[in-house]
Amino acid sequence: GAGVSQSPSNKVTEKGKDVELRCDPISGHTALYWYRQSLGQGLEFLIYFQGNSAPDKSGLPSDRFSAERTGGSVSTLTIQRTQQEDSAVYLCASSLRRQETQYFGPGTRLLVL
Amino acid sequence: AQRVTQPEKLLSVFKGAPVELKCNYSYSGSPELFWYVQYSRQRLQLLLRHISRESIKGFTADLNKGETSFHLKKPFAQEEDSAMYYCALNRGTSYGKLTFGQGTILTVHP
């Protein structure tokens, strides 16, 4: 079946612009996670959704970052006023239920010039 | 706070040799430990989780709470094992938030 998909696969933007990254989880998966993979920082947790609510936003690095999930499915991660340090690969993962195996998407590679 | 350390950024072995990828963690509670693997141009995928006590693709990992380690081992490495390996920890929360190590790039030479 279809796995987790993310779009766009690559995004180049100018400093100060806003970007939206999309994640389509596996159908029926209730838990959704965003992680960031950057040089020097490795893989970092950003936010967790259970259904449409986000019980843990503790990994969002600043208030420029926000995320939402609608219909218990698609999630969007928005970065406002992008900075060069936001350049990274943003990974989305979903699991059937919380605590079950997380399935990762291919990631969105973001480059802020 | 929890922390996962993978001391080797790079590890090279020859085909057929044993391989061990080290992982140490710091967390005072009862964590759940995982190994994830990312092959070239593929997405990150689960290799092992300690509660399953399985052997996947010939790899095993034992949780040693005394040494706070979860090293990944394989007795005879294969070229197709070449990949990036991440050790990860879930600190026993009711959901699966993962803390990852920095990763180890394993290269298996023919």
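Rules and cut-offs
- Residues numbered from 1 in each chain as written.
- Chains lettered and ligands numbered in written order.
- Predicted model: local features only at pLDDT ≥ 70, side-chain atom pairs only at ≥ 80, totals over all residues.
- Heavy atoms only, no water.
- Buried < 20%, exposed > 50% of the residue type's maximum accessible area, 1.4 Å probe, protein only.
- Helix = DSSP H or I, 4+ residues; strand = E, 2+ residues; numbered from the N terminus.
- Pairing = 2+ DSSP bridges.
- Polar contact = N/O pair within 3.5 Å; in protein donor to acceptor, adjacent residues only side chain to side chain.
- Salt bridge = Lys/Arg side-chain N within 4 Å of Asp/Glu carboxyl O.
- 1 Å grid on protein atoms, 1.4 Å probe; cavity = no way out; pocket = protein on both sides within 12 Å on 5 of 7 lines; lining within 4 Å.
- Points joined across faces, edges and corners; volume = space filled by probe spheres on them.
- Nonpolar A, V, L, I, M, F, W, Y, C, P; charged D, E, K, R; others polar.

Participant: So, the pairing of strand β11 (residues 104-109) of chain B: which residues are in play, and what are the values?
Facilitator: Every other side chain in a regular strand lies on the same face of the sheet, so the side chains alternate between the two faces. Residues and elements named next belong to chain B. Burial of β11 is one-sided: the residues Thr104, Leu106 and Val108 facing one way are buried, the residues Ile105, Thr107 and His109 facing the other way are not. Here strand β2 (residues 10-14) pairs with β11 via five bridges, running parallel. By the bridge assignment, Phe14 is partnered in β11 with His109. The pairing of strand β9 (residues 83-90) with β11 spans three bridges and is antiparallel. Looking across to β11, one finds that Ala83 is bridged to Leu106.

Participant: For the environment of Trp35 of chain B, give the residues involved together with the corresponding values.
Facilitator: All names here are of chain B. Within the secondary structure layout, Trp35 lies in strand β5 (residues 32-38). The class for Trp35 is buried, based on a relative accessible area of 0%. On a C-alpha basis, the gap between Trp35 and Tyr86 in space is 5.7 Å, while along the polypeptide they are 51 residues apart. At a separation of 2.9 Å, a polar atom in the side chain of Trp35 contacts the main-chain carbonyl oxygen of Phe70.

Participant: Summarise the pattern of salt bridges; cite the residues concerned and give the values.
Facilitator: All names here are of chain B. Using the criterion set out here, one finds nine salt bridges over all chains in the structure. A salt bridge links Glu20 to Lys22; its shortest N-O distance comes to 3.1 Å. Look at Glu20 and you get partly exposed, because its relative accessible area is 28%. Taking relative accessible area as the criterion, Lys22 reaches 30% and is therefore assigned partly exposed. Beyond isolated ion pairs, a larger network of salt bridges with shared partners links Glu20, Lys22 and Lys73.

Participant: Please provide a residue-by-residue account of the layout of surface pockets, values included.
Facilitator: Its volume calculated, the largest pocket comes out at about 750 Å³. Lining the largest pocket are 26 residues, with Gln37, Leu39 and Val89 of chain A together with Met84 and Tyr86 of chain B positioned closest to its centre. If you list the elements that add at least two residues to the lining of the largest pocket, you get β4 (31-38), β9 (88-95) and β11 (108-112) of chain A together with β9 of chain B. With three residues, the single largest contributor to the lining of the largest pocket is β11 of chain A. The residue makeup of the lining of the largest pocket, split by class, is nine nonpolar, 14 polar and three charged. Put simply, the second largest pocket is a space of about 360 Å³.

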